[in-house]
Amino acid sequence: MIPSFTLDVSCDLARAALATLRTRAEHLTFFLAEPTTSRAARCVDEIPLEARHVDGSRLHVGLTEAGRAHVLQRATRTNQWLMEVHSHGALGDPAEFSLTDREGLAAWVPHLRWRLPLKGYIALVVGSSTVDGLTWMPDSREPLAVDSLHLGRGQNWRATGLSYETWIGEVR
Ligand SMILES: [Zn+2]
């Protein structure tokens, strides 16, 4: 069985942000999340980003150097984990990290583990109707698949699982 992770995104901020992301391509949002069990976390707050924090000039949206410093600074002040969500828009279904996304994560996550030891990292990608994601636990180099998102009121959004399959299939 694939080791998987579930995420509670039922807080109003996360629900609103996800609804917006599903309608826009290459948009990026950061959140703070707290682990609730060894295989689950709960989204607790959004980290507002300014225009100078985001580099959307290419096909892929990412953080600028100022953006990276900004989110690291916020996460350093709490016990919570960082969680990124970006969108692929109307053509982004079924949701899966692109090659550029995976290369970005392969470079960014080890840096975070060094800067924020003992914290996990969660990355999600959304299309217009699907979601996918990976979670790096504090004690492991390899990610877990995000299995599903709890949206509240009994609603669950099951991830496609495609990114995990691709990630473990690639030699790193
Ligand atoms: Zn992407």
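Fair warning: this is a prediction, and the values are worked out from it, not measured in the lab. (Residues numbered from 1 in each chain as written. Predicted model: local features only at pLDDT ≥ 70, side-chain atom pairs only at ≥ 80, totals over all residues.)

Chemist: Sorry, what's going on with unusual backbone geometry here?
Modeler: Looking along the chain, the bond that leaves Asp93 and enters Pro94 is cis, with omega of -10°. Within the element layout of this structure, Pro94 appears in the loop between strand E6 (81-89) and helix H3 (99-115). Phi at Glu26 is positive, roughly 50°, even though this residue is not glycine. Mapped onto the fold, Glu26 is located in strand E2 (residues 25-37). A positive phi is found at Leu118, a non-glycine position, where the angle reads about 75°. (Helix = DSSP H or I, 4+ residues; strand = E, 2+ residues; numbered from the N terminus.)

Chemist: Even after reading the chapter, I still don't get helix H1 (residues 12-21), so can you show me in this structure?
Modeler: Along an α-helix, residues three or four positions apart point the same way, because every turn accommodates 3.6 residues. For H1, the complete set of buried residues consists of Ala14, Ala17, Leu18 and Leu21. Buried positions in H1, seen along its axis, are confined to an arc of 100° and lie on one side of it. Those residues of H1 that are exposed and aimed more than 90 degrees away from the buried face are Asp12, Ala16, Ala19 and Thr20. In this structure, the buried side of H1 is in contact with E2, strand E3 (40-47), E6 and strand E7 (121-127). (Buried ≥ 20, exposed ≤ 12 C-beta atoms within 10 Å, placed from the backbone. Arc of directions from axis to C-beta. Contact = placed C-beta atoms within 7 Å.)

Chemist: Sorry if this is basic, but what is going on with the pairing of strand E8 (residues 131-136) here?
Modeler: Two faces belong to every sheet, and in a regular strand the side chains alternate between them. Burial of E8 is extensive: six of the six residues sit out of reach of the surface. Here E8 shows a buried face lined by Val131, Gly133 and Thr135 and a second buried face lined by Asp132, Leu134 and Trp136. By the bridge criterion, six bridges tie E7 to E8 in an arrangement that is antiparallel. Opposite Val125, over in E8, you have Asp132 as the bridge partner. Taken together, E7 and the strand that follows it, E8, pair antiparallel across an intervening segment of three residues. (Pairing = 2+ DSSP bridges.)

Chemist: How should the nonpolar core be read in this particular structure?
Modeler: When a protein is soluble and globular, its nonpolar side chains tend to lie buried together. Counting residues in hydrophobic clusters, the biggest one holds 39 residues, and the most contacted among them are Leu7, Leu82, Met83, Ile122, Leu124 and Val126. The dominant element in this core, judged by the number of residues it contributes, is E7, at six residues. With residues up to four places along the chain from it excluded, the contact list for Leu7 reads Ala41, Cys43, Ile122, Val146, Leu149 and His150. (Core = buried A, V, L, I, M, F, W, Y, C linked by C-beta atoms within 7 Å.)

Chemist: What should I look at first to understand the environment of Asp8 in this one?
Modeler: Looking at the element boundaries, Asp8 is found in strand E1 (residues 4-8). The class of Asp8 is partly exposed, set by 18 C-beta atoms lying within 10 Å. As a C-alpha pair, Asp8 and Val44 span 36 residues in sequence and 9.1 Å in three-dimensional space. Once residues lying within four places of it in the same chain are set aside, the contact partners of Asp8 are Thr36, Ala40, Arg42, Cys43 and His150.

Chemist: Before we go on, may I ask you to explain the environment of Ser87 in this structure?
Modeler: Looking at the element boundaries, Ser87 is found in strand E6. Separated by ten residues in the primary sequence, Ser87 and Phe97 have C-alpha atoms spaced 9.8 Å apart. Excluding residues within four positions of it along the chain, Ser87 makes contact with Leu21, Arg22, Arg24, Ala25, Glu26, His27, Gly92 and Val126.

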